[in-house]
Amino acid sequence: MSTGSIETSGRSGFRRPRRTARAVGDVRERHGGRRLATGITIAAAIIILWHLARAVLLAPVFPPGAGPWAAWLAVLVILAVGVVSRILSRAQPLPDLLYAVLLIALAVPVWLDVSASWGLLHLGVTPTAAAATGAVLMPVAAIRGTRISLVVASVIGLVLLVTTLLQTASAGPYTATGISVAASAVLPLVLAVVATRGFRRLVGRELDLSIVQSTVYTPRSAFGMRASEELAQLDFDAETLLDDVGSGRIAIPLPAADAERAGRLAAALRLRLIAGRTDTWLRHAVTESAYLNDRVVVDDPEGSAGLLAQEQRDNLLLALWLLVGELRKGQTRPIEVAVSSPDGDDDGEHHSPAVHLTIEVPGVVGRRLDPATWDAVGSVGSHGVVAGSDSFRIEIECRTDPTVPVSASAAESARPRRS
């Protein structure tokens, strides 16, 4: 591959093809990231223009000299550099060096504006360009991390607040105006940070759900992503050992240390293969999900969840996802999912093999659930609800073959019950 057809990502030593870099950018923007950034940028532009209009109205009050325009010239230079750099590196995040230079450069308009307006608060003159620098950080927070931008804006707001309080004796009622200007340097960015973090959290959960949905298509007993990585490492270690033996680097019979190493590899491989017999798609989906991992516990000793059809798996995963969203913040007790496959009936009739699912949901009242949750549960199988004071249990009877009638025990267990 030629040098002109590749780009370098943030990690040293890794070179990403241009088409891959464009695809990564599309993933970031496909879920509405571009619209969010555009909306925040428009809001920032409106706030900056508002402060500029204030500067125009206050300019005649300034004593002879540069007035607020030196500070505004510095703001415009920073904006121009930021816009040009963003256009040139559209597919990549804002470079670290430029990000640091931008944050440091914001001190220039703040210092120029505070110096120009110092001692004039009694005339109603307040900093304008310094307050606008908080709005400059709004699109930066949407592109880069929100924490540093929020800290910088808070420092700017604190500087404006201190300069206002130091002039309280002479400013009189204009002190409130100075405090509101200091707040205008921080509050818009706070709103932008709240919107950005909420959007990133939403997209992260959606992407996590999309990733773990790949487990729905696996066979009854299959290895998940983490188990596959463990097996790949075991396979590499075993091949390395065999290659050392075959090439003569390790003599036969094996020395004690190498024999112990081979025994550990064999034991780990057997344990991994035995565990894979009952590690079904459901266990992998919960384990590999950052959203479900600490909030759902699966008890499926026989691997019966692997009997479910693809549509049943998909709806069960969606139901768990929605149920987890109803848990209260700080709740330590997770949702418990018990799966079993009972023996066949004794009436001699041919019935579809049934899978029993019990979902224990603590700290949630069933009647407050979103209707989409019950739609997903109903698509898994016939279900009943055992309600408690502050929790409830869902009992589901699933048929692995929908063309065969459900058994009498399944119909009986599907009737709603109240505790």
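Here the structure is a predicted model, which means the values were calculated and not measured.

Colleague: Just checking my understanding: could you explain the overall build of the protein for this structure?
Modeller: When its secondary structure is counted, the protein shows 15 helices and eight strands. Counting only residues that meet the buried cut, the protein has 39% of its 419 residues in that class. Counted over contacts in the protein with a minimum sequence separation of 6, partners at least 24 positions apart contribute 73%. By element, 62% of the accessible surface of the protein is carried by carbon and sulfur atoms, the whole surface being about 23100 Å².

Colleague: Looking at this structure, how should I read the packing of aromatic side chains?
Modeller: For any pair of aromatic rings, geometry is given as the distance between the ring centres together with the angle between the planes. A complete count under the given rule lists two aromatic pairs for this structure. Plain terms: the ring middles of Tyr-291 and Trp-321 are 4.7 Å apart, the flat faces sit at 50° to each other, and that makes the pair tilted. Residue Tyr-291 is found in the loop between α12 (281-287) and β3 (296-299), and its partner Trp-321 is found in helix α13 (residues 310-325); the two are separated by 30 residues along the sequence. Taking relative accessible area as the criterion, Trp-321 reaches 8% and is therefore assigned buried. Positioned above the aromatic ring of Trp-50, the side-chain terminus of Arg-54 is 5.6 Å from the ring centre.

Colleague: Just to check I follow, could you spell out the UniProt feature "transmembrane region" (unreviewed entry) in the protein for this structure?
Modeller: Those places that UniProt annotates as "transmembrane region" (unreviewed entry) correspond, in this numbering, to residues 36-57, 69-88, 97-114, 120-141, 148-168 and 174-195. End C-alpha atoms of residues 36-57 are separated by 32 Å, and the span's content is 100% helix alongside 0% strand. Across residues 69-88, helical content stands at 100% and strand content at 0%; the span's end C-alpha atoms are separated by 28 Å.

Colleague: How should the confidence of the model for the protein be read in this particular structure?
Modeller: This prediction gives the protein a mean pLDDT of 75; 71% of its residues lie at or above 70. No element of the protein has a lower mean pLDDT than strand β1 (residues 6-8), which averages 34, and none a higher one than helix α6 (residues 146-166), which averages 91. Low pLDDT, under 50, characterises residues 1-30; the stretch is placed with 27 contacts to residues that sit more than four places away or in other chains. Contacts for the low-pLDDT stretch residues 403-419, under 50 throughout, to residues beyond four places or in other chains number 33 contacts.

Colleague: Sorry, what's going on with the pattern of salt bridges here?
Modeller: Working definition: two side chains of opposite charge can pair if their charged atoms are close together. Under the counting rule described, the total for this entry stands at two salt bridges. Its salt-bridge partner being Arg-393, residue Glu-360 comes within 3.9 Å of it at the nearest N-O pair. Of this pair, Glu-360 sits in strand β5 (residues 354-362) while Arg-393 sits in strand β7 (residues 391-399), and the two are 33 residues apart along the sequence. For Arg-393, the salt bridge is made with Glu-395, and the minimal N-O distance between the two is 3.1 Å. Note on Arg-393: relative accessible area 25%, which makes it partly exposed. Judged by its relative accessible area of 18%, Glu-395 falls in the buried class. Taken together, the shared-partner salt bridges connect Glu-360, Arg-393 and Glu-395 into one network.

Colleague: Explanation requested: the pairing of β7 in the structure shown.
Modeller: Every regular strand shows the same layout, with side chains that alternate between the two sheet faces. The element β7 is extensively covered by neighbouring structure, given that seven of its nine residues are classed as buried. Inspection of the sheet shows β5 paired to β7 by nine bridges, in the antiparallel sense. Paired with Val-355 across the bridge in β7 is Cys-398. Direction of pairing for strand β6 (residues 382-387) relative to β7: antiparallel, over a ladder of six bridges. Directly across from His-383, in β7, lies its bridge partner Ile-396.

Colleague: Please clarify how a positive patch on the surface should be interpreted in this entry.
Modeller: Among the surface-exposed residues, Arg-147, Arg-197, Arg-200, Arg-201, Arg-205, Arg-295 and Lys-329 lie close enough to one another that they form a single positively charged patch. With respect to the helices and strands, the residue Arg-201 is situated in helix α9 (residues 187-212).

Colleague: What should I look at first to understand a nonpolar patch on the surface in this one?
Modeller: A contiguous nonpolar patch, built from Leu-49, Leu-52, Val-56 and Trp-69 and spanning about 370 Å² of accessible area, is present on the exposed surface. Take the nonpolar patch: its biggest share by element is three residues, from helix α1 (residues 18-58). Structurally, the position occupied by Leu-49 is in helix α1.

Colleague: Quick question: what am I supposed to make of the packing of helix α3 (residues 96-105) against helix α4 (residues 107-117) here?
Modeller: Packed helices, taken two at a time, are described by the angle their axes make and the gap between the axes. Contact geometry for α3 and α4: axes closest at 5 Å, N-to-C directions at 5°. Looking at the two axes, α3 sits roughly parallel to α4. Of the residues in α4, those in contact with Leu-103, Ile-104 and Ala-105 of α3 are Ala-107, Val-108 and Pro-109. Within the contact of α3 with α4, the residues separate by chemical class into six nonpolar, no polar and no charged.

Colleague: Is there a simple way to think about the environment of Val-186 in this case?
Modeller: Checked against the element boundaries, Val-186 lands in the loop between α8 (174-184) and α9. A C-alpha to C-alpha distance of 8.3 Å links Val-186 and Ala-131, two positions 55 residues apart in sequence. Setting aside residues no more than four positions away along its own chain, Val-186 makes contact with Ala-153, Ser-154 and Gly-157.

Colleague: Can you walk me through the side chain of Asp-113 in this structure?
Modeller: Take Asp-113: it is sitting in helix α4. A polar contact is formed between the side chain of Asp-113 and the backbone nitrogen of Ala-129, at a distance of 2.8 Å.

Colleague: Would you mind going over the side chain of Thr-196 with me for this structure?
Modeller: Mapping Thr-196 onto the fold places it in helix α9. Judged by its relative accessible area of 2%, Thr-196 is buried. Look past the residues within four positions of Thr-196 in its chain and what remains in contact with it is Leu-36, Ile-40, Ala-141, Ala-142 and Thr-146.

Colleague: Explanation requested: the environment of Gly-366 in the structure shown.
Modeller: Mapped onto the elements, Gly-366 comes out in the loop between β5 and α14 (371-380). On the accessibility criterion, Gly-366 (15% relative accessible area) is buried. Sequence-wise, Gly-366 and Ala-387 are 21 residues apart; in three dimensions their C-alpha atoms are separated by 7.1 Å. Setting aside its immediate chain neighbours within four residues, Gly-366 contacts Trp-374 and Phe-392.

The rules behind the values
- Residues numbered from 1 in each chain as written.
- Predicted model: local features only at pLDDT ≥ 70, side-chain atom pairs only at ≥ 80, totals over all residues.
- Heavy atoms only, no water.
- Helix = DSSP H or I, 4+ residues; strand = E, 2+ residues; numbered from the N terminus.
- Buried < 20%, exposed > 50% of the residue type's maximum accessible area, 1.4 Å probe, protein only.
- Contact = heavy atoms within 4.5 Å.
- Areas by Shrake-Rupley, 256 points an atom, 1.4 Å probe, with all protein chains shown as cover.
- Phe/Tyr/Trp six-rings, centres within 6.5 Å; stacked < 30°, edge-to-face > 60°.
- Lys NZ or Arg CZ within 6 Å of the ring centre and 35° of its normal.
- UniProt positions renumbered as here; feature names shortened; annotations may be inferred.
- pLDDT = per-residue confidence, 0-100.
- Salt bridge = Lys/Arg side-chain N within 4 Å of Asp/Glu carboxyl O.
- Pairing = 2+ DSSP bridges.
- Patch = residues over 30% accessible without salt bridge, like charges linked within 9 Å, V, L, I, M, F, W, Y side chains within 5 Å.
- Lys, Arg positive; Asp, Glu negative; His and termini not counted.
- Charge placed at Lys NZ, Arg CZ, Asp CG, Glu CD.
- Axes fitted to C-alpha atoms, helices over the stretch in contact; angles between N-to-C directions.
- Parallel < 35°, antiparallel > 145°, perpendicular 65-115°, else oblique.
- Nonpolar A, V, L, I, M, F, W, Y, C, P; charged D, E, K, R; others polar.
- Polar contact = N/O pair within 3.5 Å; in protein donor to acceptor, adjacent residues only side chain to side chain.

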